[in-house]
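Given next are the chains, with one letter for each unit.
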Amino acid sequence: MSYTVVSNLDQAVEALAKSAGKARVVAGATDLFLGNLPSELVDISTVPDLLGINRDPDCLSVGAGVTHAGAAASPVIRLKAEALAEACREVGSPQVRNISTLGGNVVNAAPAADAAVALVALGAKAVLLDLSGGHREVAVEDLYANYNLSVVDSSSEILLRFLLAPAVRGEGSAFLRFAPREALSLPLVNAAARVRLKGNTIEAIRAVIAPVSPAPTRLNETEKLLLGSKPGQDTWRRVEYTAAAEVDVRGSMLRCSAEYRHHLVGVLARRVIRKALERALDSKEGGDGR
Amino acid sequence: MKEQVIAFELNGETVEAYTDPALSLLHLLRSRFNLLGTKEGCGRGECGACTVLVDGRAVNSCLVPAGKVQGRKVYTIEGVTAEGLSRGAKVHPLQEAFVESGAVQCGFCTPGMIMSTYALLNDNSSPSPEEVKEAISGNLCRCSGYKQIEEAILEAAQRLKAQDWQDRNTGKT
């Protein structure tokens, strides 16, 4: 195997072009030894262009090479994309989070990757660079070809960064997972939501659950139920029922039975939407700079 | 297998290895450098026995391909011990606290626990019990039950502060 650590994007593109499809991009490489080893690897984890966290008024840009530890500790992400900070805090263990990257979490295409679930709920887009220097933007949920298979061809494309709208006043997001242990444990179900209020009415909502299909999955019916509504005490039972009813879950030896997962989908959907909503309400009261 | 030269800093010394870059850092340390303090438990990033510092941050050395440490600073339990010796002590105060608190039983998880602790105390010299738990949440111990380990870490933090222990040679940037 050849392993090349590149220090900029030009070198990365050149190395990929030269290998004519044999080389694969790698960043944190934490899943490298769990699969078949490719013959050539191009390590982009120290390319400065991939490490930035930049905030414009309308757009938060998070480099694909930012580690989960880095994202979890970022004051901007904690304030403007809280679900992402929460999700990143849950990935693997401290040792894994210190090296694994957001880009890898998405391109590795595991169906319940914590950061990816949060990114989809936040409405993030991925910016991809091809070998001819062209860029394309794709919604994160559209990057999944199948279970553990990304549409990103890591022999000819580099995921550069994620773009998302930062939280505004009246908006909140949250991430939750349920797992047998608090660390080093696969989630049985994970969920994330983003809610924007106008007055006390839900003006926009994205609620996402995983793993129920290859990609983190929007809860369309649950979102419809809540959109334009003013949630009250009677809302939450319906949210729980609707969320559980609208996805088709499977049991797995690795995680848990279908029945248990069905129950968890409803409970986590309710809890995460409620938490996002509470944060949206809190942010309207101000004081946190939003 | 194609081998290549990988140059990095190991416990403060510049070293080179001519190796398959797909060899894990764990196996590189154990087989090429004969540093046997770093343990192999699960070999897949789930137990933390192989924890070392790369550029000052705790990582699972079993998951790191050797090619990745080119130009980086790697710090292992042997470096920690040497730090203690260089100060005229038998071992590092962290190791001492583990022994005296009864935090070592079979000892297999201990080097990894100490490396995670070392990274924690570099960032945070007065961790709360919660922060201690968080810092070792990636390290499994199957005999002591964690309580003594947590106590050892809090005790170590006190001793390091009392002794004004610095010169942390980890290269964290």
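Because the structure is predicted, anything quoted here is derived from the model rather than measured.

Quick notes on the overall build of chain A
- Looking only at helices and strands, one finds 10 helices and 14 strands in chain A.
- Considered along the principal axes of its C-alpha atoms, chain A spans approximately 60 × 45 × 30 Å.
- Within chain A, the proportion of its 290 residues that are buried is 52%.

Focus on the overall build of chain B
- Summing up its helical and strand segments, chain B has 6 helices and 5 strands in all.
- In chain B, the order of α-helices and β-strands from amino to carboxyl end is β-β-α-β-β-β-α-α-α-α-α.
- Taking 173 residues into account, the globule formula puts the C-alpha radius of gyration at 16 Å, and chain B, at 16 Å, falls close to it.
- Dimensions along the principal axes, computed over C-alpha positions, put chain B at roughly 45 × 30 × 25 Å.
- Look at the contacts in chain B between residues 6 or more apart in sequence, and 61% of them connect residues 24 or more apart.

A word on the sheet that holds strand β1 (residues 2-5) of chain A
Residue and element names in this part refer to chain A.
- Overall, parallel pairing links the 3 strands, which are arranged β1-β3-β2 in an open sheet. The sheet terminates laterally at β1 and β2 (23-26), the two strands that pair on one side only. Within this sheet the neighbouring strands show an average axis-to-axis angle of 25°, counted without direction.
- Across the sheet, helix α1 (residues 9-19) lies against β1, β2 and β3 (40-43), angled at about 170° from β3, the strand it touches most.

Some remarks on helix α3 (residues 93-100) of chain B
All names here are of chain B.
- Of all the residues in α3, the buried ones are P93, L94, Q95, A97 and F98.
- Where the residues of α3 are buried, they touch α2 (77-86), α4 (110-123) and α6 (147-162).
- Backbone geometry just downstream of α3 places G102 in the positive-phi region, at approximately 70°.

Observations concerning the interface of chain A and chain B
- Between chain A and chain B, the residue contacts involve 21 residues of the former and 26 residues of the latter.
- In the side of chain A that touches chain B, the residues fall into 13 nonpolar, 6 polar and 2 charged.

Concerning the environment of V104 of chain B
- Mapped onto the fold, V104 of chain B is located in the loop between α3 and α4.
- Sequence-distant contacts of V104 of chain B, defined by excluding residues within four places in its chain, comprise F98, V99 and T110 of chain B.

Brief notes about the domain arrangement of chain A
- Considered domain by domain, chain A is made up of domain 1 (1-44) and domain 2 (171-284).
- Each of domain 1 of chain A and domain 2 of chain A was reduced to a C-alpha centroid, and the two centroids are 36 Å apart.

Some words on the packing of α3 of chain B against α6 of chain B
Residue and element names in this part refer to chain B.
- Closest axis-to-axis distance for the α3/α6 pair is 8 Å, and the angle between their directions is 140°. Between α3 and α6, the crossing angle belongs to the class labelled oblique. By crossing handedness, the relation of α3 to α6 is classed as right-handed. For the pair formed by α3 and α6, the contact residues are P93, L94, A97 and F98 on the first element and A152, E155, A156, R159 and L160 on the second.

Things to note about the sheet that holds strand β11 (residues 171-178) of chain A
All names here are of chain A.
- Ordered by their spatial adjacency, 4 strands build an open sheet running β11-β12-β13-β14, and the pairing between neighbours is antiparallel. Pairing within the sheet leaves two strands with one partner each, and these edge strands are β11 and β14 (217-218).
- One ladder, built from 2 bridges, connects strand β13 (residues 201-210) with β14; its direction is antiparallel. Bridge pairing links V208 to R218 in β14.
- Packed on one face of the sheet, helix α7 (residues 114-121) meets β11, β12 (189-198) and β13 and runs near 25° to β12.

Observations concerning the pairing of β12 of chain A
Residue and element names in this part refer to chain A.
- A large share of β12 lies buried, amounting to 9 of its 10 residues.
- Bridge count between β11 and β12: 8 bridges; the pairing is antiparallel. Bridge pairing in β12 links S173 to R194.
- Sheet topology note: the β12/β13 ladder contains 9 bridges and is antiparallel. Across the sheet, V195 pairs through a bridge with I205, a residue of β13.
- Between the end of β12 and the start of β13, which pair antiparallel, lie 2 residues, with G199 showing a positive phi angle near 65°.

Some remarks on the nonpolar core
- Among the nonpolar cores identified, the biggest contains 145 residues, and L84, V117 and A192 of chain A are the most heavily contacted of them.
- Setting aside residues up to four positions removed in sequence, L84 of chain A forms contacts with A71, I77, A115, A118, L119 and L122 of chain A.

Looking at the environment of I158 of chain A
Residues and elements named next belong to chain A.
- Inspection of the secondary structure assignment puts I158 in strand β10 (residues 157-164).
- Taking the C-alpha atoms as reference points, I158 and A12, separated by 146 residues in sequence, lie 8.7 Å from one another.
- Ignoring anything within four residues of it in the chain, the contact list for I158 reads A12, V25, I44, L128 and L129.

Overview of the domain arrangement of chain B
Residues and elements named next belong to chain B.
- Here chain B is partitioned into domain 1 (4-76) and domain 2 (78-162).
- Its C-alpha centre places domain 1 at a distance of 20 Å from the equivalent point of domain 2.
- Listed by partner, the interface residues are 19 residues for domain 1 and 15 residues for domain 2.
- Contributions of two or more residues to the side of domain 1 that touches domain 2 are made by β3 (51-54) and β4 (57-60).
- Broken down by element, the residue count for the side of domain 1 that touches domain 2 peaks at 3 residues, all from β3.
- Of the residues in the side of domain 1 that touches domain 2, the class split is 8 nonpolar, 9 polar and 2 charged.

Section: the packing of α3 of chain B against α4 of chain B
Residues and elements named next belong to chain B.
- As a packed pair, α3 and α4 sit with axes 10 Å apart at the nearest point and diverge in direction by 130°. The pairing of α3 with α4 is recorded here as oblique in orientation. α3 and α4 meet at a crossing whose hand is right-handed. Note on element contacts: α4 touches α3 through T110, I114, T117 and Y118, opposite L94, Q95 and F98.

The rules behind these values
Along each chain, numbering runs from 1 in the same order as the chain's sequence is written. Each chain gets a letter, beginning with A, and each ligand a number, beginning with 1, in the order they are written. Side-chain atom pairs in this predicted model are given and counted only at pLDDT of 80 or more, local residue features only at pLDDT of at least 70, and totals for whole chains, interfaces and linings cover all residues. Here a strand is any run of E in DSSP of at least two residues, a helix any run of H or I of at least four, and the numbering for each starts at the N terminus. With C-beta atoms placed from the backbone, a residue is labelled by how many other C-beta atoms lie within 10 Å of its own: buried for 20 or more, exposed for 12 or fewer, partly exposed between the two. Two things to know: the radius of gyration comes from C-alpha atoms, and the globule rule equals 2.2 Å times the number of residues to the power 0.38. Placing a C-beta atom from the backbone of each residue, one calls two residues in contact when those atoms lie within 7 Å. At least two bridges found by DSSP between two strands is the condition for calling them paired. For helices, the fitted axis covers only the stretch in contact; all axes are lines through C-alpha atoms, and the angles between them, taken along N-to-C directions, range from 0 to 180 degrees. Residues are grouped as follows: Ala, Val, Leu, Ile, Met, Phe, Trp, Tyr, Cys and Pro are nonpolar; Asp, Glu, Lys and Arg are charged; all remaining types, including Gly, are polar. As annotated, the domain borders come from an automatic or database domain assignment. For classification purposes, an angle smaller than 35 degrees is called roughly parallel, one larger than 145 roughly antiparallel, one from 65 to 115 roughly perpendicular, and anything else oblique. For any helix crossing, the convention is left-handed if the near helix is rotated counterclockwise from the far helix by under a right angle, and right-handed if that rotation is clockwise. Structurally, a nonpolar core is described as a collection of buried Ala, Val, Leu, Ile, Met, Phe, Trp, Tyr and Cys residues joined by way of C-beta atoms within 7 Å.

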